[in-house]
Each structure stands twice: as C-alpha cells, then as structure tokens.
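Listed here are the chains, written in short residue letters.
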Amino acid sequence: MGSMVVTGAQWGDEGKGRVVDWYAAQADIVARYQGGANAGHTVFVGDEQFTFHLLPTGILRGKLCVIGNGVVVDPEALLEEMAVFESKGVQVQGRLLISENAHLVMPYHKRLDAAHEKRLGEKRIGTTLRGIAPAYSDKYARTGLRVGDLVREKSFAEKLAAILEFKNELLKCLYGEEAMDFDQIFAQYREYRERLLPMIADTALLLNRALDEGKQVLFEGAQGALLDVDFGTYPFCTSSNPIAGGACVGTGIGPRRIDRVIGVVKAYTSRVGQGPFLTELPEEIAATWRERGGEFGSTTGRARRLGWFDAVIVRKAAMLSGLDAVAVTHLDVLDELDAIPVCTHYRHAGETLDIFPNSLEVLAECEPVYEELPGWKQPIRDARSPADLPANARRYLDRLAELIGAPICLALVGRRRDQTIVMS
Ligand code: IMP
Ligand code: MG
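Bear in mind that the values here come from a model prediction, so they are computed numbers and not experimental data.

**Points about the coordination of the magnesium ion (ligand 2)**
Link 1 in the chain: Ligation of the magnesium ion (ligand 2) by protein atoms is provided by Asp13 (OD) and Gly40 (O), these donors lying 2.0 to 2.4 Å from the ion. Of this pair, Asp13 sits in the loop between strand E1 (4-8) and helix H1 (16-24) while Gly40 is found in the loop between strand E2 (29-32) and strand E3 (41-45), placing the two residues 27 residues apart along the sequence.

Written out as structure tokens, the structure reads:
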C-alpha cells in the first residue's frame, strides 16, 4: 500500500472514518494530523456504532495509533472517548501515542469559544464549541500549553498560572464572564496527567523511524479542504489544515514520505455551521433525505445542510491535496432520485469559473451551473463490485471522476464495513 493520506475533499463529514477504517486494515500505524475533538468519524462494525473524535480510526483495527503534533488535544474528551472504546472491548491502552508537541485544549479554550460565538451573534461561525480556535490561536501566539508540558508538573503549574491570569482578564473584561479557578484546573489536569503520561512521546521520531523500516503509515485527516484555515471559506472554516500537506507539518514527516493521497467525498454535499454553500437545497427538500443519509453532526448532533455534488469545490480540494484518487461515500442515499443534478462549474460576471474562488465576495456573485444525470432508481446497498452497480450509478461515478480529474478508488453504498466497492 505504501504510506497514504486520507483527507476530506468537501466541508468535512465526507465519511473519512469509513475510508480510513478500510485502508487501515493494511497499515502498520494510523496517525491523526490536525483538528481536535471537533471531528466526528463514525464506523459501524456490524450494527455497533463507533464514534471517533480524537482517537485515530485505526484503533478499531488494532493498529498502533498516533495523535500528531498538529492535533489539539482535549484530555477530558480523549479520556472519555478511550473509556467508551475500552468498555466496548476495544483496546486503546498500549496502542496509542500522543505527540509531546501537540497543544492542549484547556477549559478556558472551550469557555472562550462559546463566549466568542455568543458575542458574534448573527455573525457567528457556528463552531463545534470544542475550544478549537482558541487553542490554535494560543499555539500560534506562543501562549499555549503542550502535551509535553504535562510531564513536568512544577513548570506546568507556573505556565498555567501565568496564562490563566490573562485568560481570566479576557473572560471577565471582554466577555463579562466569570473567572476560572486555577486550583480546580490544575487538579483536573493533574489527574489527566497520571493517565496520559505513558502515552506521551516524540511521535515524529517514532513515525520517521517506522517509515525508515518500511512500515506503512496512514495519515488520517479530519474536517475537509473547504474548511482549511488557509484555503477554505475563511472565516467560515476551522483553524487547522485538513489538506494533505497538513499531514507533513502535523506529524513531522517530509513530503516525499507520502506515496498516495486519497480524497473522500460524499456523492452529494453537506455542511454544518455557517458559511457559503452554493449548491445547498432548500430546507424542505433537505429534510426529506436527512434521515436516510444520517445527516446529523456526530459531534454536535446538529442537522447538516445538504445540497448537490459540487465539482467546483472538489476540484479545488483535488488541486490543493494533489489527490491520486477519490473515495465516494453515501452513494446509496441517492437511490430513489429520478435525476441527479451535479454542479459542473460556476458562472461569474459572464465567465465560467472551474475552480472555487478564494474570495467570499466573488463567491457571493457566483451562480452554480448544473447538468442532470439520470438516477438509477433501485437499491444498491447489496452491490459489492462495480459490475453489481446499475449502469446509471456507474455513469454517475464516471462523470464525477471526469469532473474532478481523478479516478474513483472506492464507492461506499451503506454504513457497514462490507458495503464497500473497490472501483480501481
Ligand atoms: P470549529 O472547528 O469547531 O472551530 O468549527 C468551525 C467550523 O468548522 C464550523 O462550521 C464547524 O461546523 C465546522 N467543523 C468543524 N469540525 C467539523 C467536522 O469534523 N465536520 C464538519 N464540520 C466541522
Ligand atoms: Mg464528522
């Protein structure tokens, strides 16, 4: 297999969990490279549902898993998630390593996330309230605490005290919120420390050594290219780099270490939170297929916004991540449609736009242009090979490949593991 990156090529929730789970079977190590507990990756084994927020999806395949330096780690969320997995009989202890360079999400980050969204009101981003932007802000402002800081208790206490003084000013004076108590946070993180210590490591060193030995590493992205802080619909985006390049900086490996980059897309488009979405359907129509697609956020439970497949955004994602192939998920959700519109390009000021623009102002002046593909009008959940798919479903996939400019490697036709078709 070689080492590969699996990255979202829309606005997140593409079904990366399922795709990582599929390829993880052949990997030696699975490493998450960005994001935090804002992510929600779902995998069904039989009828049992596993939801991942911080744990790499490879944990289900019994692989060694790494939380890379590019991830922001909320110990409370992580330990809770570990407990859920262990209670379901999935061994996490001894299989998980966390980069000492990864930043910690602290209780004040979550408070500030909520306070800031509230202050923004109508202009809010619609974040997951997991403290993501405040934690990444601190990382880049060089005022963050890292997982490695947990190792040395005394200096952790000193750093926390200094940072908290400043955060409390912010909470009180800017947001009119109550200050947070040092002793309480310190005691809490002391407990986390006891449990996390055995997992803290120099994971960049470990990954590079493993690659030197010919081991295969799967780099797991969270969110998607259009939520990328540099290339997404800024400011309606997340605070990290989900694009494939994020795997290098988010784990400490060189770009030449990556053999293959797989993008994941839904057969249509979804988005949670605020921000532009040109192919969005009116809520009356979205409501009718939301249940069928299970289109509720796995982290926040929010109803996802739904719309037609937009080749303009995926082309951009394919360019940014250098996609070698694309996995198409949720294909079965379209089973009942007579005709399926696909957005091939945008019209802007009388011109054709093939690649998603960077400016939201330009985007506001764009009109999506559709072509209609015939539906297949039959259930495809039992298809297991390309030959099992109705001709129109194959035609739909072929057309997506053509529009994206990359071949389709997998088509997913249901939530279970075995509902996977290897296309190429
Ligand atoms: P944040 O990452 O919590 O700051 O949220 C910023 C934006 O990214 C919001 O629109 C969220 O709904 C969206 N977002 C963050 N994580 C995910 C995800 O895993 N799937 C889909 N959307 C996400
Ligand atoms: Mg998700």
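**Side note on the nonpolar core**
Link 1 in the chain: Core analysis: the largest hydrophobic core is formed by 70 residues, its most contacted members being Phe219, Phe309, Leu331, Tyr346 and Tyr396.
Link 2 in the chain: Residue-level mapping places this core at the junction of two domains, with at least three residues from each of domain 1 (4-99 + 200-261) and domain 3 (265-422).
Link 3 in the chain: Those residues within four positions of Tyr396 in sequence are excluded, and the remaining contacts are Ala267, Phe309, Leu331, Leu334, Ile340, Val342, Leu373 and Trp376.
Link 4 in the chain: Ranked by size, the runner-up nonpolar core spans 60 residues in total, among them Val43, Ile59, Ile163 and Ile262.

**Some details on the site of ligand 1**
Link 1 in the chain: If you check the shell around ligand 1, you find 17 residues, and the closest are Asn38, Thr128, Thr238, Val272 and Arg302.
Link 2 in the chain: The separation between an oxygen atom of ligand 1 and a polar main-chain atom of Val272 is 3.0 Å.
Link 3 in the chain: In the complex, 97% of the free accessible area of ligand 1, which totals 470 Å², lies under the protein chains.
Link 4 in the chain: Its residues assigned to classes, the shell around ligand 1 comprises seven nonpolar, eight polar and two charged.

**Some points on the sheet that holds E2**
Link 1 in the chain: Ordered in space as E9-E7-E5-E2-E10-E1-E11-E15-E19-E20, the ten strands form an open sheet in which the pairing is mixed. At either margin of the open sheet sits one strand with a lone partner, and together these are strand E9 (200-201) and strand E20 (420-422).
Link 2 in the chain: In this structure, strand E7 (residues 96-99) lies alongside E9, joined through two bridges in parallel fashion. The residue bridging Ser99 from the neighbouring strand is Ala201, located in E9.
Link 3 in the chain: Here helix H7 (residues 203-212) sits on the sheet and contacts E2, strand E5 (64-67), E7, E9 and strand E10 (217-220); the angle it forms with E5, its principal contact strand, is near 140°.

**With respect to helix H9 (residues 283-293)**
Link 1 in the chain: Among all positions in H9, only Ala286, Trp289, Arg290 and Gly293 are buried. For H9, the angular spread of the buried residues around the axis is 135°, confining them to a single face. Exposed and oriented more than 90 degrees from the buried face of H9 are Glu284, Thr288 and Glu291.

**Overview of helix H6 (residues 182-196)**
Link 1 in the chain: For H6, built from 15 residues, the straight-helix expectation of 21 Å at 1.5 Å per residue is met to within 8% by its first-to-last C-alpha distance of 20 Å.
Link 2 in the chain: In this structure, the buried residues of H6 make contact with helix H2 (75-87), E7, helix H3 (107-120), helix H5 (153-174) and E9.

**Things to note about the pairing of E10**
Link 1 in the chain: Here E10 shows a buried face lined by Val217 and Phe219 and a second buried face lined by Leu218 and Glu220.
Link 2 in the chain: Pairing of E1 with E10 involves three bridges; the strand directions are parallel. Bridged to Val5 within E10 is Phe219.
Link 3 in the chain: Bridge count between E2 and E10: four bridges; the pairing is parallel. Bridge pairing in E10 links Arg32 to Glu220.

**Overview of the domain arrangement of the protein chain**
Link 1 in the chain: Per the domain assignment, the segments making up the protein chain are domain 1 (4-99 + 200-261), domain 2 (103-196) and domain 3 (265-422).
Link 2 in the chain: If you average the C-alpha positions of domain 1 and of domain 3, the two centres end up 23 Å apart.
Link 3 in the chain: With 40 residues of domain 1 at the contact, the number on the domain 3 side is 42 residues.
Link 4 in the chain: Regarding the contact of domain 1 and domain 3, the summed buried area is about 3300 Å², with carbon and sulfur atoms giving 59% of it.
Link 5 in the chain: Ranking the residues of domain 1 by area buried against domain 3 places Gln10, Trp11 and Arg18 at the top, with a combined share of 23%.
Link 6 in the chain: Viewed at the interface, domain 3 and domain 1 are joined by two salt bridges.
Link 7 in the chain: We note a salt bridge from Asp13 to Arg304, for which the minimum N-O separation is 3.2 Å.
Link 8 in the chain: Counting the contacts that link domain 1 with domain 3 gives 19 residue pairs in polar contact (both at pLDDT 80 or more).
Link 9 in the chain: When residues of the side of domain 1 that touches domain 3 are traced back to their parent elements, those giving at least two are H1, E3 and strand E11 (260-266).

**What about the packing of H5 against H6?**
Link 1 in the chain: Contact geometry of H5 with H6 gives a least axis separation of 11 Å together with a crossing angle of 145°. Crossing angle aside, the handedness with which H5 passes H6 is right-handed. Residues Glu153, Phe156, Ala157, Leu160, Ala161 and Leu164 of H5 touch H6, and the partners they reach there are Phe182, Ile185, Phe186, Tyr189, Arg190 and Arg193.
Link 2 in the chain: Partitioned by chemical class, the residues of the contact of H5 with H6 number nine nonpolar, no polar and three charged.

About the cut-offs
- Residues numbered from 1 in each chain as written.
- Chains lettered and ligands numbered in written order.
- Predicted model: local features only at pLDDT ≥ 70, side-chain atom pairs only at ≥ 80, totals over all residues.
- Heavy atoms only, no water.
- Donors = N, O, S within 2.8 Å, 3.2 Å for Na, K, Ca; no water.
- Helix = DSSP H or I, 4+ residues; strand = E, 2+ residues; numbered from the N terminus.
- Core = buried A, V, L, I, M, F, W, Y, C linked by side-chain atoms within 4.5 Å.
- Buried < 20%, exposed > 50% of the residue type's maximum accessible area, 1.4 Å probe, protein only.
- Domains from an automatic or database assignment.
- Contact = heavy atoms within 4.5 Å.
- Near = heavy atom within 4 Å.
- Polar contact = N/O pair within 3.5 Å; in protein donor to acceptor, adjacent residues only side chain to side chain.
- Areas by Shrake-Rupley, 256 points an atom, 1.4 Å probe, with all protein chains shown as cover.
- Nonpolar A, V, L, I, M, F, W, Y, C, P; charged D, E, K, R; others polar.
- Pairing = 2+ DSSP bridges.
- Axes fitted to C-alpha atoms, helices over the stretch in contact; angles between N-to-C directions.
- Arc of directions from axis to C-beta.
- Expected span 1.5 Å × (residues − 1).
- Buried area = accessible area lost by both parts, 1.4 Å probe.
- Salt bridge = Lys/Arg side-chain N within 4 Å of Asp/Glu carboxyl O.
- Left-handed = near helix turned anticlockwise from the far one by under 90°.

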